[in-house]
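Secondary and tertiary structure notes
Chain by chain, the residues:
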Amino acid sequence: MGPDRRPPFAGLTGQKLSRMLRGVKTPCYVLDAAMLRRNGEILLGLQQRTGCRVLLAQKAFSNYDCYPLLAPCLAGTEASGLFEARLGSEEMPGKEVHVFCGAYREQEFSELLRYADHIVFNSPRQLARFGPRAKAAGKSLGLRVNPEHSTQEGHAIYDPCAPGSRLGVTRARWEAEMAPELTGLLDGLHFHTLCEQDADALESTLAAVEERFGDLLAGMRWINFGGGHHITRPGYDLPRLERCITRMQQRYGLTVYLEPGEACALNAGYLVTEVLDLFQSGETRIAILDASAACHMPDVIEMPYRPPLFGEDPQEGGLVYRLGGPTCLAGDVVGDYRLPALREGDRLIFGDMAIYTTCKNNTFNGMPLPAIYLMGEDGGLTRLASFGYDDFKYRLGSRGRQKPQR
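My aim in this report is to walk through the structure given alongside it, one point at a time. Every chain's residues receive numbers from 1 upward, in the order its sequence appears when written. Local features in a predicted model are, by the rule used here, given only for residues with pLDDT of at least 70; side-chain atom pairs are given and counted only at 80 or more, and totals for whole chains, interfaces and linings are based on all residues. To obtain the side-chain values, all non-hydrogen atoms of the structure were used and water was disregarded.

**With respect to the overall build of the chain**
Each helix is a run of H or I in the DSSP string that is no shorter than four residues. Each strand is a run of E no shorter than two, and both are numbered from the N terminus. The number of helices and strands found in the chain is 14 helices and 16 strands. Based on the C-alpha atoms only, the size of the chain along its principal axes is roughly 70 × 50 × 45 Å. By residue count, 56% of the 406 residues in the chain fall in the buried class. Taking all contacts inside the chain whose residues are at least 6 apart in sequence as the whole, residues at least 24 apart take part in 68%. Using a 1.4 Å probe, the Shrake-Rupley method yields the accessible areas, and only the shown protein chains count as cover for residues. Surface accessibility of the chain: about 17700 Å² in total, with carbon and sulfur atoms responsible for 48%. Charged residues are defined narrowly, with Lys and Arg counted positive, Asp and Glu counted negative, and His plus the chain ends left uncounted. By convention, the point assigned to a charge is CZ for Arg, NZ for Lys, CD for Glu and CG for Asp. The averaged location of the 49 negative side-chain charges in the chain is 4 Å from the averaged location of its 45 positive side-chain charges. Think of it in three bands: with a 1.4 Å probe and only protein chains considered, a residue is buried below 20% of the maximum accessible area for its type, exposed above 50%, and partly exposed in between. Throughout, a residue-residue contact means that at least one pair of heavy atoms, one from each residue, lies within 4.5 Å.

See the structure below:
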């Protein structure tokens, strides 16, 4: 993640900040309508200039109350399974619904066909099992390929081109497993190899895709470049991306799809939290927050990364605090930050909290889920959702299943 994720607070004015700090119960997420619209407009411009089609990868951002902000700028949604496919179909009506899953379930596939327009398979075996049925239902079919070209640095967990990867078909497997009748089912090829990267990584990946699968592209109708493109990040090399898109369109006559998640909601959300306790542990100043890295920003631990914090001055002044959550997990630590002297009750705002948070958080240790607010372009706050004990209990047993309506 690192410095390329900044500036995450460009949309905050003094008035908006005051409302966020005083008007909400912590911890809570605040989604930024102005930043979502800004990201959408960048993606719309890319499509208008090149003719490509951009999808929202809902695995990164699926707060559907915000879909009306993004829908005018996008071709549709990308899903990882039945529930996301249904969500995209219901909440972005009239738009394309694409789905890729590592393996589809027999008992869900018929329902999936009700929602998805494009279905991408992960193996020739799954294509043989489900492809004819999907084709008969009028769906556009694809197969995920593995170009065996790693561009990740330091994030092996996100590298689908690593040896032994379970994602995508290598050319060797294609030759061994793809019968001509299976190839005849396909309308397109899909690859997803990037993670928060610039267009130079895509450019080198495309060279590997062409080297291994170029002879197959002429018989396809579309190619999906997957996600991981940091298109809306300041400084991203848009001209290079556009050259990559145009070249593939002209050389092979393909429709090009991209399915970014982060680019749609980059820097478009905040996590507001309160300081509960302060103490010294050896030489380290500790601040315990009412927000948890493990529960409310899990990529901090999984990636790992250090999220930006409003008011931090890493260069000089202030004191260094280790900010952590209240859970029993020893590693529930957000990071070390240089800040003005803190007091109990102070409120802090982490940036870039729209992505991989509300769709990925959890209730480990019985931690409450943060409420979700939308900050309008006028700075006003609207509560979209709130959670309590009933939500925690509902997920865990039979006597919690009568979930009250909100």
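Don't stop here, the text continues.
**Here's the deal with the pairing of strand β10 (residues 269-281)**
In the case of a regular strand, side chains alternate between the two sheet surfaces. When DSSP finds two or more bridges between a pair of strands, those strands are recorded as paired. Where strand β1 (residues 28-32) meets β10, four bridges bridge the pair, whose relative direction is antiparallel. Bridging from a neighbouring strand, L31 pairs with G269 of β10. Where β10 and strand β11 (residues 284-289) come together, six bridges link them in antiparallel fashion. Within β11, the position partnered with F279 by the bridge is I286. What sits between the antiparallel neighbours β10 and β11 is a turn of two residues, in which G282 has the positive phi angle 65 degrees.

**As for the packing of helix α4 (residues 82-91) against helix α5 (residues 106-115)**
When two helices pack together, their arrangement is given by the angle between their axes and by how far apart the axes lie. Angular values range over 0 to 180 degrees, each being the angle between N-to-C directions of two axes fitted as lines to C-alpha atoms, with helices fitted over their stretch in contact. At a closest axis distance of 9 Å, the pairing of α4 and α5 adopts a crossing angle of 25 degrees. The orientation of α4 with respect to α5, classified from their angle, is roughly parallel. When you trace α4 past α5, the crossing you get is left-handed. Of α5, the residues touching α4 (which contributes L82, A85, R86 and S89) are E108, E111, L112 and Y115. Of the residues contributing to the contact of α4 with α5, the split by class is four nonpolar, one polar and three charged. In these notes the angle categories are as follows: under 35 degrees is roughly parallel, over 145 is roughly antiparallel, 65 to 115 is roughly perpendicular, and the rest is oblique. Take the far helix as your reference; a near helix turned counterclockwise from it by less than a right angle gives a left-handed crossing, and one turned clockwise gives a right-handed crossing. Residues are grouped as follows: nonpolar covers Ala, Val, Leu, Ile, Met, Phe, Trp, Tyr, Cys and Pro; charged covers Asp, Glu, Lys and Arg; every other residue, Gly included, is treated as polar.

**Thoughts on the side chain of D198**
Summarising the element assignment, D198 is placed in the loop between β7 (188-190) and α9 (199-217). For D198, a relative accessible area of 19% corresponds to the buried category. We define a polar contact as two N or O atoms separated by no more than 3.5 Å, with the added condition that, inside protein, one atom must be a possible hydrogen donor and the other a possible acceptor, whereas residues neighbouring each other in sequence contribute only through side-chain atom pairs. A polar side-chain atom of D198 sits 3.0 Å from the main-chain amide nitrogen of D237. In this view, D198 contacts R233, G235, Y236 and D237; residues no more than four positions away in its chain are not counted.

**Thoughts on the packing of α9 against helix α10 (residues 238-252)**
Here α9 crosses α10 at 10 degrees, and the two axes come no closer than 10 Å. In terms of orientation, α9 and α10 fall into the roughly parallel class. In contact with A199, D200, L202, E203, L206, E210, G214 and L217 of α9, α10 contributes R240, L241, C244, R247, M248, R251 and Y252.

**Some thoughts on a nonpolar patch on the surface**
Where nonpolar side chains cluster on the molecular surface, the patch consists of I301, L329 and F364 and spans about 240 Å² of accessible area. Structurally, I301 can be placed in helix α13 (residues 299-302). The class of I301 is partly exposed, set by a relative accessible area of 37%. Patch definition: residues above 30% relative accessible area lacking any salt bridge, with like charges linked at up to 9 Å and the nonpolar side chains Val, Leu, Ile, Met, Phe, Trp and Tyr linked at up to 5 Å. For this document, the term salt bridge refers to a Lys or Arg side-chain nitrogen within 4 Å of an Asp or Glu carboxyl oxygen.

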